[in-house]
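# Coordinate analysis (summary)
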Amino acid sequence: MIFETHAHYEDEKFDEDRHTLLASMRKYGIGHIVNVGSTIETSIKSIELAEQYDMAYAAVGVHPSEIACLDETGMELLANQAKHPKVAAIGEIGLDYYWEKDPAVREKQKDWFRRQLALAKDVQLPVIIHSRDAAEDTLAIMKEAYQMQIPGIIHCFSYSAELAQEYVRMGYYIGVGGVVTFKNAKKLKEVVSSVPLQSLLLETDCPYMAPEPYRGKRNSSLYLPYIAEKIAEIKGCTAEEVIAVTEQNAFDIYRIRRKQPENALE
């Protein structure tokens, strides 16, 4: 079944039909979902979803654009959340220079990025990395993470094939979402072509970044087959192979045991 490695079902865009949508997942071949926090609050909500749905797991962390909510108390809260049995990763964490131009704030992003990496090391969880317009600094810090033997995922990869290959050499996974289906996504298609299938993961980042033919609409894990089909087209294999290999990749990185739950939604 398809493993959704990065979703945000706590988002208000799902308030009207969240349960109905999640209840339909297994019927459409979605076996597992990791719901990813971006603030203290959404990390808590991600755990609540993981407690409610057997198929769901949580990641806890603070997005670089949300670091204003972080302090020592916040880090203590994250550390406590990370001990929950259904927390599979620390994330999403990283750097985002697209919106933030102030050098002082960028330095704070790097500081909190390193603090959350250290937390991941302490609790022995992988990390989910957000990086936008910050290729050089992200790579430098992830080289530190590699030396610390912290595994992880470069989520929503948006850089060059050469940089993707460097991450893969360090053992990191590349998250591929709906952008790969866009006609103008030449760079990401080159990444998919050049990186082994054993280093790729399927993700939506829903409710954002829906694939073609739903671009511009609310995204959901139900659209993951479009991503698998595009990857299969690029790699010259079947969508079934993409689904099987990326599912195993997700079990491996998140250290989740493969199982068929008796009650997928209760």
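The structure displayed is predicted, hence computed values, not measured ones. (Residues numbered from 1 in each chain as written. Predicted model: local features only at pLDDT ≥ 70, side-chain atom pairs only at ≥ 80, totals over all residues. Heavy atoms only, no water.)

## Description of the confidence of the model for the protein chain
Applied cut-off: Scored from 0 to 100, pLDDT records how confident the predictor is in each individual residue. The contact criterion used is simple: two residues touch if any of their non-hydrogen atoms lie within 4.5 Å.
With 97% of its residues at a pLDDT of at least 70, the protein chain reaches an overall mean of 96. Within the model, the stretch residues 261–266 combines pLDDT values under 50 with 14 contacts to residues more than four positions away or in other chains.

## Observations concerning the packing of helix H2 (residues 40–52) against helix H3 (residues 72–81)
Short version of the rule: Interaxial angle, 0 to 180 degrees, is taken between N-to-C directions of lines fitted to C-alpha atoms, where a helix line uses only the stretch in contact. Strands are runs of DSSP state E lasting at least 2 residues, helices are runs of H or I lasting at least 4, and numbering of each runs from the N terminus. The cut-offs work like this: below 35 degrees is roughly parallel, past 145 is roughly antiparallel, 65 to 115 is roughly perpendicular, and the gaps in between are oblique. Handedness of a helix crossing follows the sense of rotation of the near helix relative to the far helix, less than a right angle counterclockwise being left-handed and clockwise being right-handed. In the scheme used here, Gly and all other residues not listed as nonpolar or charged are polar, with Ala, Val, Leu, Ile, Met, Phe, Trp, Tyr, Cys and Pro taken as nonpolar and Asp, Glu, Lys and Arg as charged.
At a closest axis distance of 11 Å, the pairing of H2 and H3 adopts a crossing angle of 15°. As the angle between them shows, H2 and H3 are arranged roughly parallel. Judged by the sense of rotation from one axis to the other, the crossing of H2 with H3 is left-handed. The segment H2 lies against H3, with Ile-40, Ser-43, Ile-44 and Ile-47 engaging Gly-74, Leu-77, Leu-78 and Gln-81. Taken together, the residues of the contact of H2 with H3 sort by class into five nonpolar, three polar and no charged.

## Considering the packing of helix H4 (residues 103–123) against helix H5 (residues 135–147)
When two helices pack together, their arrangement is given by the angle between the helix axes and by the axis-to-axis distance. Taken N-terminus to C-terminus, the directions of H4 and H5 make an angle of 25°; their axes are 11 Å apart at the nearest point. Of the possible angle classes, the one that applies to H4 and H5 is roughly parallel. The handedness of the crossing between H4 and H5 is right-handed. In this structure, H4 contributes Lys-110, Phe-113, Arg-114 and Leu-117 to the contact, and H5 contributes Asp-137, Ile-141, Met-142, Glu-144 and Ala-145. Of the residues in the contact of H4 with H5, the class split is five nonpolar, no polar and four charged.

## Some points on the pairing of strand E7 (residues 173–176)
Cut-off, in case you're wondering: Each residue's exposure class comes from its accessible area (1.4 Å probe, protein chains only) as a fraction of the maximum for that residue type: buried when under 20%, exposed when over 50%, partly exposed otherwise. Note on pairing: two strands pair once DSSP finds at least 2 bridges between them. Handedness of a crossover is defined as follows: orient the strands so they point away from the viewer, and if the path from the first strand over the helix to the second runs clockwise, the crossover is right-handed.
Neither face of E7 is open: one carries Tyr-173 and Gly-175, the other Ile-174 and Val-176, and all of them are buried. As defined by bridge partners, strand E6 (residues 152–154) adjoins E7 across two bridges and the pair is classed as parallel. Bridge assignment links Ile-153 to a residue of E7, and that residue is Tyr-173. Handedness of the crossover is the feature at issue here: the chain leaves E6, passes through helix H6 (residues 161–169), returns alongside E7, and the resulting connection is right-handed. Between the parallel elements E7 and strand E8 (residues 200–202), the chain passes through helix H7 (residues 186–194) in a crossover that is right-handed.

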